[in-house]
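# A look at the structure
Spelled out, the chains give:
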Amino acid sequence: WVSAEGQVYAGFDDAVHLLDPFPIPDSWPRYWSVDFGYTNPFVLQCWAEDPDGRLYLYREIYRTRRTVDEHAATILDHVTTGDGTWREPRPAAVVCDHDAEGRAVLERELNLDTTPAHKAVTEGIQAVQGRLKVAGDGKPRLFLFKDAVVERDPELVEAKRPVCTADEIGGYVWARDRDGRERDQVEKNDDHGMDAKRYLVAHLDLAEKNEV
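These notes cover the structure that comes with them. Note that the coordinates shown come from a computational prediction; the quantities given were computed from them, not determined experimentally.

Calculation criteria
Residues numbered from 1 in each chain as written. Predicted model: local features only at pLDDT ≥ 70, side-chain atom pairs only at ≥ 80, totals over all residues. Heavy atoms only, no water. Axes fitted to C-alpha atoms, helices over the stretch in contact; angles between N-to-C directions. Helix = DSSP H or I, 4+ residues; strand = E, 2+ residues; numbered from the N terminus. Parallel < 35°, antiparallel > 145°, perpendicular 65-115°, else oblique. Contact = heavy atoms within 4.5 Å. Nonpolar A, V, L, I, M, F, W, Y, C, P; charged D, E, K, R; others polar. Buried < 20%, exposed > 50% of the residue type's maximum accessible area, 1.4 Å probe, protein only. Pairing = 2+ DSSP bridges. Arc of directions from axis to C-beta. Polar contact = N/O pair within 3.5 Å; in protein donor to acceptor, adjacent residues only side chain to side chain. Phe/Tyr/Trp six-rings, centres within 6.5 Å; stacked < 30°, edge-to-face > 60°. Lys NZ or Arg CZ within 6 Å of the ring centre and 35° of its normal. Expected span 1.5 Å × (residues − 1). Disulfide = S-S within 2.5 Å. Lys, Arg positive; Asp, Glu negative; His and termini not counted. Salt bridge = Lys/Arg side-chain N within 4 Å of Asp/Glu carboxyl O.

### What about the packing of helix H4 (residues 121-132) against helix H7 (residues 192-205)?
The contact between H4 and H7 brings their axes to 9 Å, and the two run at 85 degrees. As far as their axial angle goes, H7 and H4 are roughly perpendicular. Where H4 approaches H7, its residues Val121, Gly124, Ile125, Ala127, Val128 and Arg131 are matched on the opposing element by Lys197, Arg198, Val201 and Asp205. Each residue belonging to the contact of H4 with H7 can be placed in one class, and the counts come to 5 nonpolar, 1 polar and 4 charged.

### Comments concerning the environment of valine 150
As for its placement among the helices and strands, valine 150 is situated in the loop between strand S7 (142-145) and helix H5 (154-158). Under the relative-accessibility criterion, valine 150 is labelled partly exposed at 30%. What valine 150 contacts, discounting residues up to four positions off in sequence, is Arg59, Glu60, Ile61 and His78.

### What to know about the sheet that holds strand S2 (residues 30-35)
Spatial strand order, S1-S7-S4-S3-S2-S5-S6: 7 strands in an open sheet with mixed pairing. Sheet topology places strand S1 (18-19) and strand S6 (115-116) at the edges, where each strand pairs with a single neighbour. Note: S1 against S7, 2 bridges, orientation parallel. Counterpart to leucine 19 in the pairing with S7 is phenylalanine 145.

### A closer look at helix H3 (residues 100-110)
Within H3, the full set of buried residues consists of Gly102, Arg103, Val105, Leu106 and Leu110. All buried residues of H3 project into a common sector of 165 degrees when viewed along the axis, lining one side. With respect to the buried face of H3, the exposed residues turned more than 90 degrees away are Ala100, Glu101 and Arg108. Where the residues of H3 are buried, they touch S2, helix H2 (68-79), strand S5 (93-96) and S6. Between the side-chain oxygen of the N-cap and the backbone nitrogen of glutamate 101 there are 3.2 Å, and the N-cap of H3 in question is aspartate 99. Looking one or two places after H3, you find asparagine 111, whose phi comes out positive at around 55 degrees.

### Looking at the packing of aromatic side chains
Where two aromatic rings form a pair, the distance of their centres and the angle of their planes describe that pair. Applying the stated criterion across every chain, the model contains 8 aromatic pairs. Between the aromatic rings of phenylalanine 22 and tryptophan 28, the centroid separation amounts to 6.1 Å while the plane-to-plane angle is 75 degrees, which identifies the pairing as edge-to-face. For phenylalanine 22, a relative accessible area of 29% translates into the label partly exposed. Its relative accessible area of 12% is what places tryptophan 28 among the buried residues. Taken together, the aromatic side chains of Phe22, Trp28, Tyr56, Phe143 and Phe145 make up a single cluster linked through ring pairs. Across the ring face of tyrosine 58, the terminal group of arginine 30 is positioned such that the distance to the ring centre comes to 5.3 Å.

### Points about H4
With 12 residues, H4 should reach 16 Å at 1.5 Å per residue; the first-to-last C-alpha distance of 17 Å fits that figure. Among all positions of H4, only Gly124, Ile125, Ala127, Val128, Arg131 and Leu132 are buried. Buried residues of H4, viewed axially, fall in a sector of 160 degrees; they line one side.

### Here's the deal with the state of the cysteines
In this structure the tally under the stated criterion is 0 disulfides. Of all cysteine sulfurs, the one in cysteine 46 lies closest to cysteine 164, which takes part in no disulfide; the gap is 14 Å.

### Notes on the side chain of arginine 103
Assignment of secondary structure puts arginine 103 in helix H3. Residues in contact with arginine 103, not counting those within four places in the same chain, are Phe36, Cys96, Asp97, Thr114, Thr115 and Pro116.

### Brief notes about the side chain of aspartate 167
Relative to the assigned elements, aspartate 167 resides in helix H6 (residues 165-168). Within the buried set, aspartate 167 has no salt-bridge partner at all; the shortest N-O distance to an opposite charge, 5.4 Å, is to arginine 152. Within the structure, the side chain of aspartate 167 is placed 3.1 Å from the backbone nitrogen of valine 163, a separation counted as a polar contact.

In structure tokens, the structure reads:
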């Protein structure tokens, strides 16, 4: 995916932020973030947090033209056995877009509570940008596993659109006015993984502001 001019996450570096998958210890807390969609992709991101507070996107559903209950069944196939036993820790939070019907169906089908996302775009973007910076230990505070998506959407492949969150990053850009100057808004194209990622980071890093 070719990077566009005016990237929002210009600090993202494949060599730094994309990792080969590795076994995640059960002691690491898990978080899920969701951006609802049907014609546009439904995105579920499964994150793990290491003892130093770094986040790892280790599994992702990124799919169009399926209902929320169908997505819930796919999710359960990946996290539970046939008898309903969980294969991995239950998420400490399921942070969702504010679709009331979608949240209700997800809660019913997964038997999990959901949390409405903190959706302030500029604040959330700044929080994500902060996590992408390499810290004093030589590592950023946010990573994506390579090939985290569980299933490639054939319609998106055919349309040459992103098929996962990592594909969106290079084209996630600031909007421009008629004079070509960047505005304090992002272009709303192929940003569903970007939204879900922002929801989770805002939930963890802007919690105090949320409470206020």
